[in-house]
Amino acid sequence: MTGMAVEGIGLVWSGGHGLDDLAARARDMLAGTATPADVRAETDSLKNYLPTRALRRMDHFTRMTLLAAFEAARDAGLDATALASTGIVLATGYGPAALTFEFLDSMIDFGPDMASPQAFAHSVHNIPAATVAVSLKLTGPCTTIGQIDTAVPAALLTAQAWLREGRVDRVLLGASDEYTNLLRAVAPRLAAGVSGTIAGRRHLPPGDGAAFFCLHPDPARARHGIVRDIALGTTPILTPERATFLSGCLTGHHDPSKNMHAFAPVYGSLPVAMAFDIVLATLAVNGRLEPTLRIQNAVQCRTRDHDGLHGALTVTRRTAS
Amino acid sequence: MHRVEPVSVTGMGCICAAGSSVPDCLAALDHGRRAPGQPARFRDGHARPYPVFEVPDAALPRARDNDLSRTVHLAMRAAREALNQAGLDPTRMDGGRVGVCIGTSVGASLNFLDFYRRARTGETPDLQPVRRYLRSNPATAMARLLGATGPAQTVVNACSSGTDAIGLGAAWIRQGLCDVVLAGGADELSEITYAGFIRLMITDEHPCRPFDAARRGLNLGEGAGMVVLEADSHRAQRGAGRLGAVLGYGTAADAHHPTAPHPEGLGLRRAIADALDQAGLTVADLAFVNAHGTGTANNDQAEAGVFSSLLADIPFIATKGMTGHTLGAAGAIEAVFTMAHLRAGLLPASAGFTDMDPSLGVLPTTAPTPVRGVAALSQSLAFGGNNSALVLAPGGQP
């Protein structure tokens, strides 16, 4: 297996919904006119997939996650039968942060003996992925990875490992993080304390969104492209003369004149930004960011966390080497 | 599932309320010495007290370094023990392809209560708790502290995290990503989770009693369990021995309920089947099982159904009566215990258990029990309906 075919993509974020919205915002940014939306994502269309009753008490993080997962499966044209041997991997930086803070609110306001059990139970990091499993009736492996800036390449390594060892036929891989007022207040203070190249665009408002991919080992299924050459470690991975999309602590190194772009103004400051860069890379290799970015044979997505851990991967069209 | 090659374990480390090293923990388990008490590091604030299994401060002197979370300190303590046993220098891990794969729950949560309390009243509190959180992701912090240059991944699958981290770390070795992987789980006791589990009404006011007729829930604990997984080519090159092996790993979702296990353990059965398939073994090859055994009504019922049908007549032990429920660390601590008990050929009694629950119809070990076989199973059930299992072998096997 030399890569993972992207069969389907589901996307929801504060700036819109779906690939066309993202492509439009990315073209705006490349033309120098985009700023991140300082709001939360709209998830009303989740009612197209689940009855209102099932959504009544569902938190925003889980709603985004679930909506992106449903839309990725739909985009790939997969029904329940096709998803029988499917694993779920979810990457996140902070997990369901709003629910975590809701539980803290309940402890402070009402005391520990009256704190909200609902908020506590659903703030556990793996509950959103479990909700995807319950809602799509997926009984394969279901794993959540939690780390800032490098959760996405780590999640891709997990998906790749599962496919290589024949654990599943397909992986539904997602990435989610949400906007909270506390993160909004803290972000510029944190960014102010570090040097410019490390801070990059972390002073921007926190992003809010989820992206999901249906990944399959058969390159013939690559409707959107192929994710390959996934790397995670402390050694920087550089491929000269290739378009590069930067996230995490690397955003400060963007240089459009060298075809190195940081799309944070499109999606905000997101610990799982690399997932959005992968979506953008599939758009770029299919010519959907033209005319502001000409069609690319391959795009490298790179990230780095504040510990110096690098993640990298390459997105190609189905036929590219 | 395809059968896979075993992955060698060359070092093990553990710290929890039962002891601050693997030998200490095993001695405590053998003698049934358990020490639940009231939380020492935070104000309880609850009308009724609930016991916890806390690591004494004396066992963790480096935890005074406030730049890192207690979870990372626990993890590093167990990691140093495991690396030393493997004959690897914890201060020089930058020489090869070394990965770090760690499970946690509390260790990745935004649990800065005092900071939050002040921020929401409009104050501008010092950012130190936030900076500590950002510097304390267990896997990336450990990779930084050890100088490890390979992949680093933090698994946040609630109570199966430690089991999953070992299973994923073994895949990294098999697939040639790493020569050495430090894998395991770590979690600290927190007043947030303490309040949360009490409010879920699954915490026992008495020392916990897994599978017992009188069980009333879990007690929280804290700790870390670590294993050094090593490619055989790397191990042979440096002449290192083998303490045990990961033969197989299985993981499956119940897809039944966001927080409750499937009452018949359907996901657990699939996880066990996959782990055995990877190992190329059958249930008949298992010497014993280390149960998840939280002492809650739902968990023990789901597991008991599997013990009485799929795993009938195989001895099983529940060790959370000695450690408390260490959440993201539990699966790793129990994997260490499983390999150690396989090597010893003897299972101790299950602390806290006295009377069989007729509605469960299963009996964990009640006295020292000789065990013999090529492998043992360590299983974990988690919030979210996650189920994971490891098939483990003693050194030299199979």
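Keep in mind it's a predicted model, so treat the numbers as computed, not measured.

What counts, and at which threshold
Residues numbered from 1 in each chain as written. Chains lettered and ligands numbered in written order. Predicted model: local features only at pLDDT ≥ 70, side-chain atom pairs only at ≥ 80, totals over all residues. Heavy atoms only, no water. Helix = DSSP H or I, 4+ residues; strand = E, 2+ residues; numbered from the N terminus. Buried < 20%, exposed > 50% of the residue type's maximum accessible area, 1.4 Å probe, protein only. Areas by Shrake-Rupley, 256 points an atom, 1.4 Å probe, with all protein chains shown as cover. Lys, Arg positive; Asp, Glu negative; His and termini not counted. Charge placed at Lys NZ, Arg CZ, Asp CG, Glu CD. Contact = heavy atoms within 4.5 Å. Buried area = accessible area lost by both parts, 1.4 Å probe. Salt bridge = Lys/Arg side-chain N within 4 Å of Asp/Glu carboxyl O. Phe/Tyr/Trp six-rings, centres within 6.5 Å; stacked < 30°, edge-to-face > 60°. Axes fitted to C-alpha atoms, helices over the stretch in contact; angles between N-to-C directions. Parallel < 35°, antiparallel > 145°, perpendicular 65-115°, else oblique. Nonpolar A, V, L, I, M, F, W, Y, C, P; charged D, E, K, R; others polar. Arc of directions from axis to C-beta. Polar contact = N/O pair within 3.5 Å; in protein donor to acceptor, adjacent residues only side chain to side chain.

**Quick notes on the overall build of chain B**
- Along the backbone of chain B there are 12 helices and 12 strands.
- Summarising its shape, the C-alpha atoms of chain B cover approximately 60 × 55 × 40 Å along the three principal directions.
- Of all 398 residues assigned to chain B, the portion counted as buried reaches 66%.
- Of the accessible surface of chain B, which amounts to about 13000 Å², a share of 49% is contributed by carbon and sulfur atoms.
- For chain B, the distance from the average site of its 33 positive side-chain charges to the average site of its 36 negative ones is 4 Å.

**Structural notes on the interface of chain B and chain A**
- On the chain A side, the residues contacting the 72 residues of chain B number 61 residues.
- For the pair chain B and chain A, the summed buried area comes to about 5500 Å², and 61% of that belongs to carbon and sulfur atoms.
- Ranking the residues of chain B by area buried against chain A places B:Leu110, B:Tyr116 and B:Arg199 at the top, with a combined share of 13%.
- Seen at the junction of chain B and chain A, the total is 3 salt bridges.
- Of all the elements in the fold, those that place two or more residues in the side of chain B that touches chain A are helix 3 (113-119), helix 4 (128-135), helix 5 (138-146), strand 3 (152-155), helix 6 (161-174), helix 7 (191-199), strand 6 (244-253) and helix 9 (266-279) of chain B.
- When residues in the side of chain B that touches chain A are grouped by element, the largest group, 8 residues, is from helix 7 of chain B.

**Brief notes about the environment of A:Arg304**
- Turning to its location among the elements, A:Arg304 is positioned in strand 10 (residues 298-304).
- Note: C-alpha distance between A:Arg304 and A:Thr251 (53 residues apart in sequence) is 9.0 Å.

**Looking at the packing of aromatic side chains**
- Tallying each qualifying case throughout the model produces 15 aromatic pairs over all chains.
- Arranged with centres 6.1 Å apart and planes meeting at 70°, the rings of B:Phe211 and B:Phe307 form a pair that is edge-to-face. You can see B:Phe211 sitting in the loop between helix 7 and strand 5 (223-230) and its partner B:Phe307 sitting in helix 10 (residues 297-308), a full 96 residues away along the chain.
- Here B:Phe211 falls in the buried class, since its relative accessible area comes to 0%.
- Judged by its relative accessible area of 3%, B:Phe307 is buried.
- Ring geometry for B:Phe307 and B:Phe316: centres 3.9 Å apart, planes at 10°, overall stacked.
- Since its relative accessible area comes to 3%, B:Phe316 is described here as buried.
- Among the aromatic residues, ring-to-ring pairing joins A:Tyr94, A:Phe101, B:Phe112, B:Phe115, B:Tyr116 and B:Tyr133 into one connected group.

**Notes on the packing of helix 1 (residues 22-31) of chain B against helix 12 (residues 330-344) of chain B**
All names here are of chain B.
- For the pair helix 1 and helix 12, interaxial distance at closest approach is 11 Å and the crossing angle is 75°. With respect to helix 12, the axis of helix 1 lies roughly perpendicular. In contact with Val22, Cys25, Leu26 and Leu29 of helix 1, helix 12 contributes Val336, Phe337, Ala340 and His341.
- Taken together, the residues that form the contact of helix 1 with helix 12 break down as 7 nonpolar, 1 polar and no charged.

**Remarks on the pattern of salt bridges**
Residue and element names in this part refer to chain B.
- Inspection of the entire model under this criterion finds 23 salt bridges over all chains.
- The partner of arginine 70 in a salt bridge is aspartate 57, with the nearest N and O atoms 3.6 Å apart. Taken together, the residues span a long stretch of sequence, with arginine 70 in helix 2 (residues 70-86) and aspartate 57 in the loop between helix 1 and helix 2 at a distance of 13 residues.
- A relative accessible area of 9% places arginine 70 in the buried class.

**Focus: helix 1 of chain B**
Residues and elements named next belong to chain B.
- Listing the buried residues of helix 1 in full gives Val22, Cys25, Leu26, Ala28 and Leu29. Down the axis of helix 1, the buried set is contained in an arc of 160°. They therefore lie on one face. Exposed residues on helix 1 whose side chains face more than 90 degrees from its buried face are Pro23 and His31.
- Looking at the buried residues of helix 1, the elements they touch are strand 1 (7-16), helix 2, helix 11 (320-323) and helix 12.
- Sitting at the amino-terminal end of helix 1 is serine 21, which places a side-chain oxygen 3.2 Å from the backbone nitrogen of aspartate 24.
- At the C-terminal side of helix 1, glycine 32 shows a positive phi close to 65°.

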